Each structure stands twice: as C-alpha cells, then as structure tokens.
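Overview (structure and organization)
Next come the chains, spelled out residue by residue.
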Amino acid sequence: MISFLSLKEVTALHGGEINAAVARVVNSGWYLQGKENEKFEKDYADYIGTKYAVGCANGLDALIWIFRAYVELGVMQHGDEVIVPANTYIATILAITENGLKPVLVEPRFDTLEIDDESIEERITPKTKAICIVHLYGRCAYTERIGALCEKYHLKLVEDNAQAHGCYAATNNSKLATDSQLSTFNAQLKRTGSIGDAAGHSFYPGKNLGALGDGGAVTTNNKTLADMVRTLANYGSERKYVFGYRGRNSRLDEIQAAVLDVKLKHLDDDNAHRQAIAAYYYDNITNPLLKLPFRLNDAQNVYHIFPVFCERRDELQDYLTENGVQTLIHYPIPPHKQRCYSEWNGMELPITEKIHREELSLPISPVLTMEEAKQVVELLNAWK
Ligand SMILES: *Cc1c(COP(=O)(O)O)cnc(C)c1O
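Residues numbered from 1 in each chain as written. Predicted model: local features only at pLDDT ≥ 70, side-chain atom pairs only at ≥ 80, totals over all residues. Heavy atoms only, no water.

Glancing now at the pairing of strand β4 (residues 128-134). Burial within β4 is extensive, with six of its seven residues counted as buried. Here strand β2 (residues 81-85) pairs with β4 via three bridges, running parallel. When the sheet's bridge partners are listed, I83 is paired in β4 with I131. Judged from the five bridges that link them, β4 and strand β5 (residues 156-160) form a sheet pairing that is parallel. Note that in β5 the partner of C132 across the bridge is V158. With helix α6 (residues 144-152) bridging β4 and its parallel neighbour β5, the resulting β-α-β unit is right-handed. (Buried < 20%, exposed > 50% of the residue type's maximum accessible area, 1.4 Å probe, protein only. Helix = DSSP H or I, 4+ residues; strand = E, 2+ residues; numbered from the N terminus. Pairing = 2+ DSSP bridges. Right-handed = clockwise from strand over helix to strand, strands pointing away.)

Structure follows, in structure tokens:
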C-alpha cells in the first residue's frame, strides 16, 4: 500500500533528534513560555525573514489573532470586509467571521488554483480593510498586482501560510515565473509569510513543518501587532495578573517548540524531496484525462499537496484505492456550501465548485520514495 502520508515515517526521518529534544523538555521541568519557545520563535522569524514570530496554539488561532489584533488596534471594525479566496480551507474564513468581519469570497484561477488577482479590484468597497491571500497547496499566491492593490486602497495584506512553509514569492514579478526564468528573479525572492503585513502559520502534523500535535505562529515586522498577538494569546495579559484585553489561552507548548526547532533545520531538504517527487509527476503523467495545475518554478511551490484534476475524479480515486494507492480530496465541499455558512449556500462560484468537484491529491511527502511515485504514475497513465 502506498499511503498518502505516513506521519510515523515522517517523524522517524528525524527521530533521533526529535526524541532527544522531547526528552530535554520533559526532564527540564519547564513546559510553557520558556527557552524552547524563545529559540524557535527567533529561528522561525529568521527563516521566514520577519522581525517577529509569535507562537500560538494552532493555525486557526494564528489567523484569528491577526484579525483580532487589528480590531483591538482600531485598524478594523466589526462589519469591515476582508477579501479572501473562495476555495480556501475553512479556517481562513472562520478567522475572519470569528472577529465580526465579513469575508468577501473571490474566485481563484483554475490553472493556478490561487486567488484571481484580476477579480479583486471590482470587489473592493469603502469597507474593505484587507486582502487575505492563501498559499494553497504550497503554491505562492502573491502577485505584484495584489501588492499594488493593497497600496492603492491602503489595505492590509494578510497571508495564510499554513500550507507553504519554506516557499518563496517573487515580489517584483507580476508574471508567473516559469522554470526558465528562475535564474533571473532569484535575487528578489522573499519567503511567503514575510511579504504581507502579517501571516498565520499552522504546524498541524501533516503540514510541511508539522509538530507532534497542534501548533501555530504569527509572523510580522510590526512590533505593535506582534505584541498584541502575544497578549491576546496569553489571556489578554501584558503583565502577569494584569488583563487589558479579553484574550484566551492559546500558546505553543515547549515540547512542540523544541520539536519544531529540530524539524525547521530539515525543512528545506524535506521540501526539496517533495519538489523532486512533483517534478517526476509533472514530467511523467501523460494521461489526457488528467489536468495538472500550472507548473511554477520550485522556488514558488513547496508542494504541500500535489493536486490533479479529473472530471471522473471519484472513479479515478476508487481505481487508485483498489490498486493500493491512497489519495485524498482537498477539499470535497467548498466553504460557501457548508452549513455553517448557510447564508452563502445559494452563491454560485463555478471555478471554486469545479475545483472541489475535480480535485484529487496524489501522495507526496518527504518519505514517499521515487519508486512509489513511479508506481503511482504507471497506474495513472494506464487508467482509461
Ligand atoms: C491547516 C490550515 C489552517 C489551520 O491550521 P490548524 O493548525 O489546523 O488550525 C488554516 N489555513 C489553511 C489553508 C490550512 O491548510
């Protein structure tokens, strides 16, 4: 059986170091808000390329704290609008509505799967306060046009970087860069998570940088924002036993911080392995019944997910299952069709709906072997 993602094997890949880090924390007697968080926050901020990283309980909370901080700082008010891709994972949207803000769902492009930057401007109103881009599937969603719109309309740019740790954005290149252009824009690369005003990161175990449980972080260059996020995620307390805000307990624990610090060192190598698998898929999948997304250069894609599209998606998934290949669907039901957002259920978002109807995620991970990738491709190409 070729499993979609074996977390046991992913952990075993750096098992010795991870076990040593866990044991160190267990034996230290200090489990929250200590040296491990301090070290990981510093290392992660350095890696992403921001001045600050603030650990928190999970990726949803990271996004919630960014918008809550903007509300507390008076940058946003209840009822203000946030532009967001319609085909994201639900957490992006939950973080907006949790704060009394209004998500404005914008269609993605079918070839890139990311928010269509040509459809954004017409949706901007006097109430629009932010554009929230999502680097979905590990693909960079940033374009120069998005940056220009943020400047023109004084909007905050918030990044959901839950799926794209280690990815780069070409901040001076509005065109989608192809492989042949890689050498020419290399010098202007910034990591996703450092392009906007603030970014939310998830360390859910299955993510490219995954903990052994829940974890998240906010990155930003804005000290006021970073301090506010830290306060809100710690009961709303700036100083012990003094509460300026009605916060929650949403902290990253020391064991997870220690594990993440180990895995961070290997992230680029782990991503390079995903990129090698993805290159093999791109170069060898030839079945005309399958569509592959626009091929970005490796700098702009860390392949959290390798999606393929097929009109007979469910049949294809059954065929792969019968032949011992596990696949997943990201995601079967789009946010606007969920019961929790019943007010949107009548909306028509044809591209989003097509993606959700046709998407199938192939196995890809730091532990998938090239031999396994070859088997997947052979099965795909033999399918009629
Ligand atoms: C995983 C994910 C989140 C939420 O992260 P959690 O740590 O699971 O709460 C948010 N946005 C996107 C795009 C995600 O994939």
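Bringing the sheet that holds β5 into the picture now. Ordered in space as β1-β9-β8-β5-β4-β2-β3, the seven strands form an open sheet in which the pairing is mixed. Whereas interior strands pair on both sides, the edge strands pair on one side only; in this sheet they are β1 (52-56) and β3 (102-106). In this sheet, neighbouring strand axes are inclined to one another by 20 degrees on average, regardless of whether the strands run parallel or antiparallel. Bridge count for β2 against β3 is five bridges, and the pairing is parallel. Within the sheet, the bridge partner assigned to P85 lies in β3 and is V106. Against the sheet, helix α4 (residues 59-72) contacts β1, β2, β4, β5, β8 (198-202) and β9 (216-220), and its axis sits at roughly 160 degrees relative to β8. Each of β4 and β5 is contacted by α6, which is oriented at about 165 degrees to β4, the strand it contacts most. (Axes fitted to C-alpha atoms, helices over the stretch in contact; angles between N-to-C directions. Contact = heavy atoms within 4.5 Å.)

Another aspect to go through is the site of the ligand. Taken together, 13 residues are adjacent to the ligand, and G59, D160, Q163, S202 and K207 come closest. For the ligand, an oxygen atom lies 2.8 Å from a polar atom in the side chain of Q163. At a separation of 3.1 Å, an oxygen atom of the ligand approaches a polar side-chain atom of K207. With the chains in place, 90% of the 380 Å² that the ligand exposes on its own is no longer accessible. Residue composition of the shell around the ligand, grouped by class: six nonpolar, five polar and two charged. (Near = heavy atom within 4 Å. Polar contact = N/O pair within 3.5 Å; in protein donor to acceptor, adjacent residues only side chain to side chain. Areas by Shrake-Rupley, 256 points an atom, 1.4 Å probe, with all protein chains shown as cover. Nonpolar A, V, L, I, M, F, W, Y, C, P; charged D, E, K, R; others polar.)

Once that is clear, we can look at the packing of aromatic side chains. Any aromatic ring pair is given by two values, namely how distant the centres are and how the planes are angled relative to each other. Inspection of the entire model under this criterion finds eleven aromatic pairs. Judged by centre distance (5.5 Å) and plane angle (80 degrees), the ring pair of F40 and F203 falls under edge-to-face. Taken together, the positions of F40 in helix α3 (residues 35-48) and F203 in the loop between β8 and β9 put the pair 163 residues apart, joining distant regions of the chain. Taken as a pair, F40 and F203 share a single burial class, namely buried. An aromatic cluster of at least three residues, connected via ring pairs, comprises Y281, Y282, Y303 and F306. Positioned above the aromatic ring of Y47, the side-chain terminus of R191 is 3.9 Å from the ring centre. (Phe/Tyr/Trp six-rings, centres within 6.5 Å; stacked < 30°, edge-to-face > 60°. Lys NZ or Arg CZ within 6 Å of the ring centre and 35° of its normal.)

Scope: geometric values only; no functional claims are made or implied.
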